Structure formats: structure tokens, C-alpha cells
Amino acid sequence: LALCALVAVLADGAYIKNNRTRAGCSDGKVRGVNLGGWLVLEPWITPKFFEEVNDGGDKIVDEYTYAQYLDPETYKARMVQHWDTYYTKEDFKKLADSGLSHFRIPIAYWYWDVEEGEPFPEPILDDTDPNSALFYLKRALQWMDEFGLSAVLDMHTGPESQNGYDNSGRRGDIHWVDYDYPSDRVNIDRSLRIVEKFATTAKQWIESGVISAETIYAIGVLNEPHACGGWNFNGQMWTACKDDFFPKSVEVVRSVFGSDEVMAVVDIAGHGYNEFNGVFQGDTSRIEIDAHNYQCFGGYWNDVALSPNGWGTHLEHSCNIRNDIAQSPLSTWVGEFSLAVTECQKYLSGGYMINYVPPDNDPALCDYYNSDFSTFSPDYKDFLTKFFLAQIDSFETNNGWIFWTGKTEDHCAPEWDYLYLLENGIVPADICNRDTYC
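What you see is a predicted model; the values in this text were computed from it and never measured.

Description of the packing of helix H4 (residues 72-85) against helix H6 (residues 133-147)
The relative placement of two packed helices is expressed as an angle between their axes plus a distance between the axes.
So, step 1. For the pair H4 and H6, the least separation of the axes is 10 Å and the interaxial angle reads 0°. As far as their axial angle goes, H6 and H4 are roughly parallel. Counting all contacts with H4, which are made through Val80, Trp83 and Asp84, the residues of H6 involved are Ala133, Tyr136 and Arg139.
So, step 2. Looking at the contact of H4 with H6 residue by residue, the class counts come to four nonpolar, no polar and two charged.

Dropping the structure here:
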């Protein structure tokens, strides 16, 4: 009976395609990778993709300048080729076969919404058009559906940049909110409309039977809105996230999906877990905190990397992260972490530049942490395995983790490249039957 293989039912007015067995370890935990550098460019993930268009200069440093300085046809051709080839169905199968269950997919606002003065082409909302990013996003979700994987669709880019990083789409000054808030809240309101647009696209794919309902696990409303962090704007913008954008964006997600269909995910924005007490009213069972946890950025980790027992410090710190996580009033997972202990990866910290120098690292460290796996000592490889296990031991005391990132161009960044780490035996071949460290 063919109907036994694929059953469709109407539920709450939505066409829901019942899925086959879900990927993962059958314990409800989030374990996965980010599809970084794909639908939102980052120079350190795809350095050649930027070097090829810079002609020895450093004018093109993010996706905004990629669209701004390339002629439109060249921009479109390069992006379409990148969308089409960077991640493959085989990549997805390898990751699913290793026991992973979730992919967090960074997406850009300009695939749904472009305003006058922005360099991006007019959005192509026809998801059958191979010139549209939506064509490739839909295809990826269909592959995920086939393998029983679940997606977190994460808005990585806020209009006028929510953090000033290249991963926001526009490196430089932060103006998603600034000192003109609350009288100027144009970008917050626009972001809410964009969340509604891309959530609606996902909902329509479910209703039309393109993907299963289970394939969309969550909507991430905005990645790293560090405009709201304590180190920007004297900490005055925290209220713009905590009291304004976060509650409103959760309501937007619920208006599209209902209160019990997907998770609404908010970024911790550089604050403590305890600062989320009382932020959301009513039922919070479908709201989660995404807290990124890196041990490579800044002067402190530079000092650790230089110390004789630096690796031991990382392992101890990793095991102790659970103490912070225990303070969370909401379900939480770590949506970004890696195995890097320095900023040595080319273009990683500070972004694309002609001669990259890590801003907070002793450059001499990079002779050892050189991104060349063939030079990694057995002791370092052993540390990387323990470092991964120690971190996820802590993260799984709550709802899990998503590694940054799934792959890098030509495996240029081994400590950040899950597929490469998997293929080289650094991370477990079967994440569901792994050793522990802590």
C-alpha cells in the first residue's frame, strides 16, 4: 500500500506530510552543525571566493560589498554557482549518518526584502527559479526531509547590521539600533516583517507538501544582536532586544506557526542566562535561548594559548560551562562553538584584509595553530577530540549543541570544519554512542 509509505493529513488547516524516522539519537537533544558561509557569505569560511574578486585589494569584505562592487550579472552568477555547489546531498547524508539531527541555516534578509539604496538585487520569490536563493534553500530542506533532519532557519543579517561583523552581511558600524532608539525603530520593525516573511515561506512549503512539518524545528529571529550587548552603546540597547524585539519576534513566529508547532529561538546577545528571567510572559515552552560559546576570541584566550597548561584550561572550562547553563530559565542550546583556541584562522577576527594579523593573538602562535592538518601533532589531535567531548558534555546537560560550521572551503579551517573533523576521526563517527570526557 503506497499510502503506508507517505501519509498526508490535514491538521489545523495545514497540509502536513508525516515523516519517516527522524535522524539523531532518539532522546530529543539538538545535535548538529551550522551551514555557515553558504546563504550568508563569510570571508574566513570561503577565502578564495573573496580573494578571486578583490584583485589583491580589500574592498570586498562581506556580502554587502560583494553585491555593491561586482556588476550585477557577475554577482548573480557567482552566487548561484556557490549556492548550487557548496553543500551537497552527500554532505547531508554523511552528517545524518553520523547521528546528527539538526542543521542551523543562516539566511539573509535580502532574499525576501530589499529597499532602495541597498546593493542587493530585487528578491526572486519564485522558489522554482534556479536564480533564486529560495530554490536552493527549498532543495536543502527537501534533502533534510529525506534524511529525517530538522532545520533551524536563522536570520543572520539585520538591516544596517546588528553587530558590525561580516557575518551580519555588512561589516562596520552598527545601526540596526543605535542611540536614536526608541524614536528610530525602523530596522526593528523591518526585521519583524522579515521574520514573518521567511517564516511564512517555510510554512507554505509545509502546507503544500514540499517538506514535512517536522523538518522545521525552529525559527531563529536574529543572530548575535550584539548591538544589545553590554559593550556597545554603553549597554543602553539591551532594552531594545529584551523588551521590544525579542517578545515581538516570538509573537510573529507564533502568528505564522501557532504556539505549538515550532520553537522560537532568541540569541543570548552576550548577556547572562539569568537576564532572561521574566522576559517572556505566558507559556515559554516553545521558546529557546541560543547561546554561542567560543574559546578563541580576545586577549584572555590568547594568554591561555601561550600558557604551559593551556589545553588543560580549555578542558576544565568546557566541563564547567554546565554551571552557567544551569542558570537558564528557558530551554537552551549552544548554537555556535568550535575547536579553535586562537584567532589564527585567516580573516577570522576583524574580517577580510590584505595581510591578516590576528588582532588579539600573538602572531607567533600561528606557526603552531596553522590550519594545516598534516602538521597537527598526535597530542594536538588528541586534545581536539577531548575538547569536543568536554564541550558537548556540558551542552547536553540542557538541550544540546550546533557546531560552527559544517564545512569550510577546501577544508581551510580544520578546527571549524565538522565534515573534515568527522572524516579524520576527531569527532565521533557515531555521536549517539560516544565517549564522554567530563
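A short note on the state of the cysteines
So, step 1. Enumeration over the complete set of coordinates arrives at four disulfides.
So, step 2. Here cysteine 319 engages in a disulfide with cysteine 438; their sulfurs sit 2.1 Å apart. Measuring the twist about the S-S bond at about -90°, one finds the cysteine 319-cysteine 438 disulfide to be left-handed. Separated by 119 residues along the polypeptide, cysteine 319 in helix H10 (residues 310-325) and cysteine 438 in the segment after helix H12 (418-423) bring together distant segments of the chain.
So, step 3. On the basis of relative accessibility, which here comes to 17%, the residue cysteine 319 falls in the buried class.
So, step 4. Here cysteine 438 falls in the partly exposed class, since its relative accessible area comes to 42%.
So, step 5. With its disulfide-bonded cysteines labelled consecutively along the sequence, the chain is connected as 1-7, 2-3, 4-8, 5-6.
So, step 6. Left unpaired, cysteine 296 is separated from the closest cysteine sulfur, that of cysteine 344, by 9.9 Å.

Overview of the sheet that holds strand S10 (residues 400-403)
So, step 1. An order of S9-S8-S7-S6-S5-S4-S3-S10 is seen for the eight strands of this open sheet, with the pairing classed as parallel. In this open sheet, the two edge strands, each paired with only one partner strand, are strand S9 (331-333) and S10. Adjacent strand axes in the sheet meet at a mean angle of 25° when their direction is disregarded.
So, step 2. Where strand S5 (residues 150-155) meets strand S6 (residues 216-220), four bridges bridge the pair, whose relative direction is parallel. Paired with valine 152 across the bridge in S6 is alanine 218.

Some thoughts on the pattern of salt bridges
Opposite charge on two side chains allows them to pair when their charged atoms are near.
So, step 1. Applying the stated rule across the entire model yields 29 salt bridges.
So, step 2. The closest approach of N and O atoms between glutamate 146 and lysine 89, which form a salt bridge, is 2.9 Å. Linking glutamate 146 in helix H6 with lysine 89 in helix H5 (residues 89-97), this pair joins segments that are 57 residues apart in sequence.
So, step 3. Note on glutamate 146: relative accessible area 38%, which makes it partly exposed.
So, step 4. Beyond isolated ion pairs, a larger network of salt bridges with shared partners links Asp27, Arg31, Asp393, Glu396 and Arg434.

Some thoughts on unusual backbone geometry
So, step 1. At the junction of tyrosine 181 and proline 182, the peptide bond is cis and its omega measures out at 10° in the coordinates.
So, step 2. Of note, proline 182 is situated in the loop between S5 and helix H7 (186-207).
So, step 3. A cis geometry characterises the amide bond from tryptophan 404 onward to threonine 405, with omega recorded as 15°.
So, step 4. By the secondary structure assignment, threonine 405 is in the loop between S10 and H12.
So, step 5. With phi around 55°, histidine 411 is a residue other than glycine that occupies positive phi space.
So, step 6. Inspection of the secondary structure assignment puts histidine 411 in the loop between S10 and H12.

Focus: H4
So, step 1. In a regular helix each residue adds 1.5 Å, so 14 residues correspond to 20 Å; H4 covers 20 Å between its end C-alpha atoms and thus fits that length.
So, step 2. Turning to H4, its buried residues are Tyr75, Arg78, Met79, Val80, His82 and Trp83.
So, step 3. Buried positions along H4 lie against helix H2 (47-54), helix H3 (63-69) and H6.

Quick notes on the layout of surface pockets
So, step 1. Volume-wise, the largest pocket comes out at about 890 Å³.
So, step 2. As for the largest pocket, its lining consists of 41 residues, of which Glu224, His226, His292, Tyr294 and Phe297 are closest to the centre.
So, step 3. It is H10 that provides the largest number of residues to the lining of the largest pocket, a total of four residues.
So, step 4. Classifying every residue of the lining of the largest pocket gives 17 nonpolar, 15 polar and nine charged.

Observations concerning the pairing of strand S7 (residues 263-267)
Along a regular strand, successive side chains alternate from one face of the sheet to the other.
So, step 1. For S7, the buried fraction is high: five of the five residues fall into the buried class.
So, step 2. Side chains Met263, Val265 and Asp267 project from S7 onto one buried face, and the interleaved Ala264 and Val266 project onto a second face that is buried too.
So, step 3. In terms of strand pairing, S6 meets S7 through three bridges, oriented parallel. The partner of glycine 220 across the bridge, within S7, is valine 265.
So, step 4. Following the backbone out of S6, through helix H8 (residues 238-257) and into the adjacent parallel S7, one traces a crossover that is right-handed.
So, step 5. Pairing between S7 and strand S8 (residues 287-290): four bridges, direction parallel. Bridge assignment links aspartate 267 to a residue of S8, and that residue is aspartate 290.

Let's talk about H5
So, step 1. Three or more residues of H5 are buried, namely Asp91, Phe92, Leu95 and Ala96. In a view along the axis of H5, the buried residues occupy a sector of 130°, so they form one face of it. Exposed side chains of H5 directed beyond 90 degrees from the buried face belong to Glu90 and Asp97.
So, step 2. Those residues of H5 hidden inside the fold are in contact with strand S3 (30-34), strand S4 (102-107), H6 and H12.
So, step 3. Positive backbone phi, at 105°, marks glycine 99, one or two positions downstream of H5.

Some details on the packing of H2 against H4
So, step 1. It is the contact of H2 with H4, at a shortest axis distance of 13 Å, that shows an interaxial angle of 165°. Comparing their axes, H4 and H2 come out roughly antiparallel. Crossing handedness for the pair H2 and H4: right-handed. Residues Phe49, Glu52 and Val53 of H2 form the contact with H4, whose own contacting residues are Arg78, Met79 and His82.

What counts, and where the lines are drawn
- Going along each chain's sequence as written, the residues are numbered from 1 onward.
- pLDDT decides what is reported in this predicted model: residues at 70 or higher carry local features, side-chain atom pairs at 80 or more are listed and counted, and totals for whole chains, interfaces and linings draw on all residues regardless.
- Values shown for side chains rest on all heavy atoms present in the structure; no hydrogens or waters enter the calculation.
- For helices, the fitted line uses only the C-alpha atoms of the stretch in contact; every axis is such a line through C-alpha atoms, and the angle between N-to-C directions lies from 0 to 180 degrees.
- For helices the rule is a DSSP run of H or I covering at least 4 residues; for strands it is a run of E covering at least 2, with both sets numbered from the N terminus onward.
- Each angle is binned into one of four classes, with values under 35 degrees roughly parallel, values over 145 roughly antiparallel, values of 65 to 115 roughly perpendicular, and all other values oblique.
- For this analysis, residues touch if any pair of their heavy atoms sits within 4.5 Å.
- Residues are grouped as follows: nonpolar covers Ala, Val, Leu, Ile, Met, Phe, Trp, Tyr, Cys and Pro; charged covers Asp, Glu, Lys and Arg; every other residue, Gly included, is treated as polar.
- Working definition: a disulfide is two cysteine sulfur atoms within 2.5 Å of each other.
- Categorising residues by exposure relies on relative accessible area from a 1.4 Å probe, with only protein chains included: less than 20% of the type maximum marks a residue as buried, more than 50% marks it as exposed, and the intermediate range marks it as partly exposed.
- Between any two strands, at least two bridges found by DSSP are needed for them to pair.
- In the sections that follow, a salt bridge refers to a side-chain nitrogen of Lys or Arg positioned within 4 Å of a carboxyl oxygen of Asp or Glu.
- To estimate how far a helix should extend, the number of its residues minus one is multiplied by 1.5 Å.
- Within this scheme a cavity is a closed region of a 1 Å grid, computed over the protein atoms alone, that accommodates a 1.4 Å probe without allowing it to escape, whereas a pocket is open but has protein on both sides within 12 Å along at least five of seven lines; lining residues each have an atom within 4 Å of a point.
- Grid points are joined across faces, edges and corners, and a volume is the space filled by probe spheres set on the points.
- Crossover handedness is defined by viewing with both strands directed away from the observer: a clockwise path from the first strand over the helix to the second marks the crossover as right-handed.
- What the arc measures is the spread of directions leading from the helix axis to the C-beta atoms.
- Each crossing gets its handedness from the near helix: less than a right angle anticlockwise from the far helix is left-handed, clockwise is right-handed.

Functional significance is not addressed by these values, which are geometric in nature.
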